[in-house]
Amino acid sequence: MAEPHGCGHDHGPRVREGFFPHPRACTLVLLAAGASSRMGSVKAALRLRAPWGEPPGETAAARILRLCRPLGRRVVVLGHHADAVRRVSLGADFAMNPSPEDGMFSSVRAGLRVALQVQRPPDAVLIWPVDVPLVGVDSVRALFAGGAPSDCAEARWVRFVAS
């Protein structure tokens, strides 16, 4: 656990590492509010080619939501193209980012607001941008098993502890 700064000011939550949540106690926040201006089409609705034996023509959002089905809750952040994203995000709850042009962190805030406004907040939140749909299933499993994902440079859970 990180030590306080010792200056008497509150610097926010301290961090405890070595934490591996149970999947059912975790919430996915899928960031899908962007304009997709460089892509030219809605990223969440982009159909993927699946040579690895997964459903052919599955959308980016549907693939991520399917990989995260074991999680307790799945929240998709909407903004630009909200109707199109909602149509490909079956089984999810939704958060609306009223200002997606303010950048990705505005979507993180919107998603966390919805993820944490429940009777029993999750032990952890997995934040996943929709434009990274090809993370392997082994990597997702490794996150919950405490192993090192093979196709990630670094992935770890961090628990924020009230100061």
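Here is what the cut-offs are and how they apply
- Residues numbered from 1 in each chain as written.
- Predicted model: local features only at pLDDT ≥ 70, side-chain atom pairs only at ≥ 80, totals over all residues.
- Heavy atoms only, no water.
- Pairing = 2+ DSSP bridges.
- Helix = DSSP H or I, 4+ residues; strand = E, 2+ residues; numbered from the N terminus.
- Right-handed = clockwise from strand over helix to strand, strands pointing away.
- Phe/Tyr/Trp six-rings, centres within 6.5 Å; stacked < 30°, edge-to-face > 60°.
- Lys NZ or Arg CZ within 6 Å of the ring centre and 35° of its normal.
- Buried < 20%, exposed > 50% of the residue type's maximum accessible area, 1.4 Å probe, protein only.
- Contact = heavy atoms within 4.5 Å.

### A few points about the pairing of strand 4 (residues 93–96)
- Sheet analysis places strand 3 (residues 73–78) next to strand 4, joined by four bridges and oriented parallel. Looking at strand 4, one finds that Val-76 is bridged to Phe-94.
- Between the parallel pair strand 3 and strand 4, the chain is carried across by helix 2 (residues 82–87), and the sense of this crossover is right-handed.

### Comments concerning the packing of aromatic side chains
- Enumeration according to the criterion identifies zero aromatic pairs in this entry.
- Between Arg-86 and the ring centre of Phe-94, over which it is positioned, the NZ or CZ distance is 4.6 Å.

### A few points about helix 4 (residues 137–145)
- Residues of helix 4 that are buried include every one of Ser-139, Val-140, Ala-142, Leu-143 and Phe-144, and no others.
- Those residues of helix 4 that are buried are in contact with strand 2 (26–31), helix 1 (60–67) and strand 5 (124–129).

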